[in-house]
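# Fold and contact review
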Amino acid sequence: MRTDGLDVSLTAISRACGTSRNFLYANWKSASALHLLALGAELANTLDLTLRRHPGDGTAAGVTRHLTQAVRAVRRHPTTAAVARSSRAAMAAAHTAPDGPLVRVVTEHLSDVLHPLVPHGGIWGDPALRSLPWKILWIARPAALCPEAVGDQEREDTLDGAFAELLRDLLAPWTAPTR
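Before going into details, it helps to say that this report is about the structure given with it. (Residues numbered from 1 in each chain as written. Predicted model: local features only at pLDDT ≥ 70, side-chain atom pairs only at ≥ 80, totals over all residues. Heavy atoms only, no water.)

A tally of helices and strands in the chain yields 10 helices and zero strands. Along the first, second and third principal axes, the C-alpha set of the chain runs to 65 × 40 × 30 Å. The buried share among the 179 residues of the chain stands at 39%. Considering only contacts within the chain whose residues lie at least 6 apart along the sequence, 69% involve residues at least 24 apart. In the structure as shown, the chain presents an accessible area of about 10100 Å², 58% of it carried by carbon and sulfur atoms. Separation between the mean location of the 19 positive side-chain charges and that of the 17 negative ones in the chain comes to 5 Å. (Helix = DSSP H or I, 4+ residues; strand = E, 2+ residues; numbered from the N terminus. Buried < 20%, exposed > 50% of the residue type's maximum accessible area, 1.4 Å probe, protein only. Contact = heavy atoms within 4.5 Å. Areas by Shrake-Rupley, 256 points an atom, 1.4 Å probe, with all protein chains shown as cover. Lys, Arg positive; Asp, Glu negative; His and termini not counted. Charge placed at Lys NZ, Arg CZ, Asp CG, Glu CD.)

Set out below in structure tokens:
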């Protein structure tokens, strides 16, 4: 999927995995179901890798830095570009999907990253923080799902800057006052 996006057939997948198409069809009823599983795994892996490379420090500024790096990692991931090339419809749907496995992967990651902002109870301990993963997802999608910006430093910096600025606005209530 990193090169062919959603155009990868079950035959090609079975060959690459050293298994049979029958095995794949027995476990995944369609190529779409297998593609969705693979996309979810790629997304989760990318977010986990970003968390290890750019961990937040539990502050609003640290969350902003981490999530800006996560958005950049998704935008630069080869699968993002391959899916955009192979299926404009899938890419458009990704910008507006209200639920599904990919949205769950992202909102779970966002919830985990936001958790330290409220030491007792995490996002469930603060009613205002509860809806924040969804709000962040909505502002992150345009920056993360823009693979055509990769390689254009000015455009990438603009996307990252706009995302970070919106995120700082969202996280302002959890920012410690400067003295």
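Continuing now.
In this structure, the largest pocket spans a volume of roughly 790 Å³. What lines the largest pocket is a set of 37 residues, and nearest its centre among them are Leu43, Ala94, Leu102, Val106 and Leu145. Residue assignment for the lining of the largest pocket shows that the elements contributing at least two residues are helix H3 (31-53), helix H4 (60-76), helix H5 (78-86), helix H6 (88-96), helix H7 (101-114) and helix H9 (132-144). In terms of residue count, the dominant contributor to the lining of the largest pocket is H3 (eight residues). Classifying every residue of the lining of the largest pocket gives 26 nonpolar, eight polar and three charged. (1 Å grid on protein atoms, 1.4 Å probe; cavity = no way out; pocket = protein on both sides within 12 Å on 5 of 7 lines; lining within 4 Å. Points joined across faces, edges and corners; volume = space filled by probe spheres on them. Nonpolar A, V, L, I, M, F, W, Y, C, P; charged D, E, K, R; others polar.)

Turning our eyes to something else, we now look at the packing of aromatic side chains. Applying the stated criterion to the full structure yields one aromatic pair. On the basis of an interplanar angle of 75° and a centroid distance of 6.4 Å, the ring pair of Phe23 and Trp28 is categorised as edge-to-face. (Phe/Tyr/Trp six-rings, centres within 6.5 Å; stacked < 30°, edge-to-face > 60°.)

Mapping Leu110 onto the fold places it in helix H7. Taking the relative accessible area as the measure of exposure, Leu110 reaches 5% and is therefore buried. For the pair formed by Leu110 and Asp169, sequence separation is 59 residues and the distance between their alpha carbons is 16 Å. When neighbours within four sequence positions are excluded, Leu110 is seen to be in contact with Leu67, Pro133, Ile136 and Leu137.

Looking now at the pattern of salt bridges. With the rule as written, the count across this model stands at nine salt bridges. A salt bridge links Arg168 to Glu165; the shortest N-O distance between them is 3.0 Å. Here Glu165 and Arg168 lie together in helix H10 (residues 153-171), a separation of three residues that amounts to about one turn. Arg168 sits in the partly exposed class, given a relative accessible area of 41%. (Salt bridge = Lys/Arg side-chain N within 4 Å of Asp/Glu carboxyl O.)

Moving on: the packing of H4 against H9. Where H4 meets H9, the closest approach of the two axes is 9 Å, and the angle between their N-to-C directions is 45°. In terms of orientation, H4 and H9 fall into the oblique class. Judged by the twist between their axes, the crossing of H4 over H9 is right-handed. Side by side, H4 and H9 meet where Leu67, Val71, Val74 and Arg75 of the first sit next to Ile136, Ala140, Ala143 and Ala144 of the second. (Axes fitted to C-alpha atoms, helices over the stretch in contact; angles between N-to-C directions. Parallel < 35°, antiparallel > 145°, perpendicular 65-115°, else oblique. Left-handed = near helix turned anticlockwise from the far one by under 90°.)

Here we take up the environment of His115. Along the chain, His115 falls in the loop between H7 and helix H8 (127-130). For the pair His115 and Leu129, spaced 14 residues apart in sequence, the C-alpha to C-alpha distance is 9.1 Å. In contact with His115, other than residues within four places in its own chain, are Gly121, Gly122 and Ile123.

All right, on to helix H1 (residues 10-17) then. An α-helical turn contains 3.6 residues, so a residue and the one three or four places further along point in the same direction. Those residues of H1 that fall on the buried side of the exposure criterion are Leu10, Ile13 and Ser14. Buried positions in H1, seen along its axis, are confined to an arc of 95° and lie on one side of it. The exposed set on the far side of H1, more than 90 degrees from its buried face, consists of Arg15 and Ala16. At its buried positions, H1 is contacted by helix H2 (21-27) and H3. Immediately downstream of H1, the backbone of Gly18 shows phi near 70°, a positive value. (Arc of directions from axis to C-beta.)

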